[in-house]
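Take a look at the letters that make up each chain.
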Amino acid sequence: MLKLPRYPILLVLTLCFFFLKPTKAEPDPRYKTDLLLIIGHPDDETFINGYLARVAFDQHKRISVIVCNTGEAGGNVNGPESGASLGYLQIVENRKALASLGIDNVWFVSGKDTPGQNVLWSLENWNHGRVLGEVVRLVRLTRPEVVLSMLPLPVAGENHGDHQAAGVIATEAFDLAGDPTAFPEQIAAARALHGVGNLTEGLRPWQAKKLYYLSDAFDFISQYWSDQKDVSPFRTNFLKGNGPEYSNTEISPAKKVSYAQLAAIESSAYLSQDGIGGTSKTALEKGNLDAFRNPVRLIFGKSLVGGTITGDVFAGVTGDEAAFSAVSGYRPNSLPTLRFGSALNFYAQFWRAHDIERIGKLLPVPELAVGANETLVLPLIFLNQGSSAVEVTLKPDLPAGWVSKEPAVPFRVEAHASADVQAVVVAPPSDNEIWQELHWSAYINGSQVGTVTMRALTGKHGLPQ
């Protein structure tokens, strides 16, 4: 009988076992998280770092963070580095800041820092679909119980488009990560896990249980702004009663200091940003933490496990895995004859599609802040629901001191069609801060057929409109 060499057979069997070894049944536990924070820039967590200290040190929860860009378009008060180099510096500052809270699972995705207040500018500049895919991947990797992000709503405040974009993508990822047909290449098992050429990822769908937001509005009294006259007199503070509130004056049982002090320590890592790192460092050196003592107010988005709007973030959250919960998605609805366009038109459909209409109800009348003599461009949409073309005239009704740059001349709108128009106005020259209402109405043959209203805090400079 012909005998085969013994060792080649053993080698073949060993190689077969190596390549056919079954994959590990459970996901990597090192990345399992309780709270996943999704923010726009490296320093955005400083809005709520007192709350993060509470969660990390005293609730003993695991926190992971996704940062959508590196803040490379900002300024630097600590050196000459700018642009991409500043972005690299801020990555380090961010990691040092979060490390002070014991947070080390931090990911930066491929968005670009986009100065402005229009969420659609940011989503375009980020490559919306690419960043969404990255965030869905990280939701599936970290398997959070709760997702916390930035408010997808234009506000009078910093109103950064990147902050809003982070909230938009976080909301989409919350609703998509549990759907195996969304980014299915992330779900398919590897071809040869212990070999090479694995272009699919072996993740599992994951449905988080609760969604919350934080805001950069002037309503959020904090170390960054605290002037009560910046809050609209037309309504109550929209953060009150719309989510849980956490004290920063309380003492952390684990650290024996106030959450305000832990917040200042975390913020002090951002030395490139004087309004953050410099202010925090000075506060710690002088022992004056007054600016950090304001409470953290979050905004409730939605929950799959019940609970109340103002209840604790982790109320009702158990270790049981949640079943996928499909959202309503986009569906056509009746539209007003005259409405705001661009981001506001998008948001009206976005909130409804993702079953978070309550976010749109926080500010039923849109608001913004505008500096003295600043030109404000407001996109509008006129919808002709009639069966024949019409000539439409748009007329502004503005407070004293405002100047309209657009003459009230008719424009033609075809039957069953819409027209995009722009209202262009210049704010008063005074730096006095005052809230005012602006109105625009559409007329056909002298009859009013639609109107829109915007509320503006004048004398308050902000990012480009």
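Please read all numbers here as calculations on a predicted model, not as lab measurements. (Residues numbered from 1 in each chain as written. Predicted model: local features only at pLDDT ≥ 70, side-chain atom pairs only at ≥ 80, totals over all residues. Heavy atoms only, no water.)

Colleague: Whenever I open this one, the overall build of the protein chain confuses me. Can you help?
Modeller: For the protein chain, the helix and strand inventory stands at ten helices and 17 strands. Structurally, the protein chain occupies a C-alpha span of about 105 × 65 × 50 Å along its principal axes. Counted over contacts in the protein chain with a minimum sequence separation of 6, partners at least 24 positions apart contribute 77%. If you sum the accessible surface of the protein chain, you get close to 21,000 Å²; carbon and sulfur atoms cover 56% of it. The centroid of the 40 positive side-chain charges in the protein chain is displaced by 8 Å from the centroid of its 47 negative side-chain charges. (Helix = DSSP H or I, 4+ residues; strand = E, 2+ residues; numbered from the N terminus. Contact = heavy atoms within 4.5 Å. Areas by Shrake-Rupley, 256 points an atom, 1.4 Å probe, with all protein chains shown as cover. Lys, Arg positive; Asp, Glu negative; His and termini not counted. Charge placed at Lys NZ, Arg CZ, Asp CG, Glu CD.)

Colleague: Looking at this model, I keep getting lost on the pairing of strand β4 (residues 146-150). Mind explaining?
Modeller: Consecutive residues of a regular strand have side chains that alternate between opposite faces of the sheet. Counted residue by residue, β4 has five buried out of five residues, so it is predominantly covered. The pairing of strand β1 (residues 35-39) with β4 spans four bridges and is parallel. Opposite Leu37, over in β4, you have Leu148 as the bridge partner. Looking at chain direction, β4 and strand β5 (residues 210-214) are connected through five bridges and run parallel. Pairing of Val147 across the sheet is with Leu211, part of β5. For the segment spanning β4, helix α6 (residues 161-176) and β5, crossover handedness is right-handed. (Buried < 20%, exposed > 50% of the residue type's maximum accessible area, 1.4 Å probe, protein only. Pairing = 2+ DSSP bridges. Right-handed = clockwise from strand over helix to strand, strands pointing away.)

Colleague: Could you clarify how one ought to interpret helix α4 (residues 119-126) in this entry?
Modeller: Owing to its 3.6 residues per turn, the α-helix aligns residues three or four sequence positions apart on the same side. For α4, the full list of buried residues reads Val119, Ser122, Leu123 and Trp126. Considered in projection along α4, the buried side chains sweep an arc of 95° and stay on one side of the axis. Buried-residue contacts for α4 involve α5 (128-142), α6 and α9 (342-353). Immediately beyond the C-terminal end of α4, within one or two residues, lies Asn127, with a positive phi of roughly 65°. (Arc of directions from axis to C-beta.)

Colleague: Quick question: what am I supposed to make of the packing of α6 against α9 here?
Modeller: The description of two helices packed together rests on the angle between their axes and the distance between the axes. Put simply, α6 and α9 touch, their axes get as near as 12 Å, and they point 25° apart. One way to sum up the angle between α6 and α9 is to call them roughly parallel. Crossing geometry of α6 relative to α9 is assigned as left-handed. Residue-level inspection shows Gln164, Val168, Thr171 and Glu172 of α6 in contact with α9, the latter providing Phe346, Tyr347 and Phe350. Counted by class, the contact of α6 with α9 contains four nonpolar, two polar and one charged residues. (Axes fitted to C-alpha atoms, helices over the stretch in contact; angles between N-to-C directions. Parallel < 35°, antiparallel > 145°, perpendicular 65-115°, else oblique. Left-handed = near helix turned anticlockwise from the far one by under 90°. Nonpolar A, V, L, I, M, F, W, Y, C, P; charged D, E, K, R; others polar.)

Colleague: I'm lost on unusual backbone geometry in this one. Help?
Modeller: Both trends apply: most residues other than glycine have a negative phi, and most peptide bonds are in trans. The phi dihedral of Asn159 is positive, around 50°, even though this residue is not glycine. Topologically, Asn159 is positioned in the loop between β4 and α6. Asn159 gets classed as buried once you look at its relative accessible area, which sits at 4%. Its identity as a non-glycine residue notwithstanding, Phe183 has a phi of 50°, on the positive side. Note that Phe183 resides in the loop between α6 and β5.

Colleague: Honestly, the pattern of salt bridges in this entry has me stumped. Any pointers?
Modeller: When their charged atoms lie close together, side chains carrying opposite charge are able to pair. In the structure shown here, the tally under the stated rule is 18 salt bridges. Taking the shortest distance from any N to any O, the salt bridge between Lys460 and Glu433 comes out at 3.6 Å. Of this pair, Lys460 sits in the segment after β17 (447-458) while Glu433 sits in the loop between β15 (417-426) and β16 (434-444); the two residues are 27 residues apart in sequence, bridging distant segments of the chain. A relative accessible area of 26% places Glu433 in the partly exposed class. Several salt bridges share partner residues, and in doing so they unite Lys32, Glu145 and Lys209 into one network. (Salt bridge = Lys/Arg side-chain N within 4 Å of Asp/Glu carboxyl O.)

Colleague: I'm lost on the sheet that holds β4 in this one. Help?
Modeller: Sheets are built from strands that pair by backbone hydrogen bonding, the pairs being arranged parallel or antiparallel. Spatial strand order, β3-β2-β1-β4-β5-β8: six strands in an open sheet with mixed pairing. Edge positions in the open sheet fall to β3 (105-108) and β8 (299-303), since each of these has one partner strand only. The average angle at which neighbouring strand axes cross in this sheet is 20°, direction not considered. Relative to the sheet, helix α3 (residues 83-99) contacts β2 (63-67) and β3, its axis offset from that of β3 by approximately 160°.

Colleague: Hey, could you run me through the packing of α5 against α6 in this one?
Modeller: In the contact formed by α5 and α6, the axes pass within 9 Å of each other and the chain directions differ by 55°. Viewed along their axes, α5 and α6 adopt a mutual orientation that is oblique. Viewed along their axes, α5 and α6 form a crossing whose handedness is right-handed. Taken together, the residues of α6 that come into contact with α5 (itself represented by His128, Val131, Leu132, Val135, Val136, Val139 and Arg140) are Val168, Ile169, Glu172, Ala173 and Leu176.

Colleague: It is not clear to me how the pairing of β16 should be interpreted in this structure. Could you clarify?
Modeller: Relative to β16, strand β12 (residues 390-397) runs antiparallel, the two sharing five bridges. Bridge pairing links Asp397 to His439 in β16. Pairing geometry for β16 and β17, over eleven bridges, is antiparallel. Bridge assignment links Ala442 to a residue of β17, and that residue is Gly450. Counted between consecutive antiparallel strands, the loop separating β16 from β17 contains two residues, among which Asn445 sits at a positive phi close to 55°.

Colleague: How should I be thinking about the side chain of Lys302 in this particular structure?
Modeller: Here Lys302 shows up in strand β8. We classify Lys302 as buried; its relative accessible area is 11%. Of the polar contacts made by the side chain of Lys302, one reaches the backbone oxygen of His354; its length is 2.8 Å. In contact with Lys302, not counting residues within four places along its chain, are Phe174, Asp175, Lys209, Lys210, Leu211, Val327, His354, Asp355 and Ile356. (Polar contact = N/O pair within 3.5 Å; in protein donor to acceptor, adjacent residues only side chain to side chain.)

Colleague: Is there a simple way to think about the nonpolar core in this case?
Modeller: For soluble globular proteins, nonpolar side chains are generally found buried alongside one another. Ile48 and Tyr51 are the most contacted members of the largest nonpolar core, which has 80 residues in total. It is α6 that contributes the most residues to this core, seven residues altogether. Those residues within four positions of Ile48 in sequence are excluded, and the remaining contacts are Leu37, Leu148, Leu214, Phe220, Val296 and Leu298. In this structure, Val370, Val392, Trp440 and Met454 belong to the second largest nonpolar core, which totals 25 residues. (Core = buried A, V, L, I, M, F, W, Y, C linked by side-chain atoms within 4.5 Å.)

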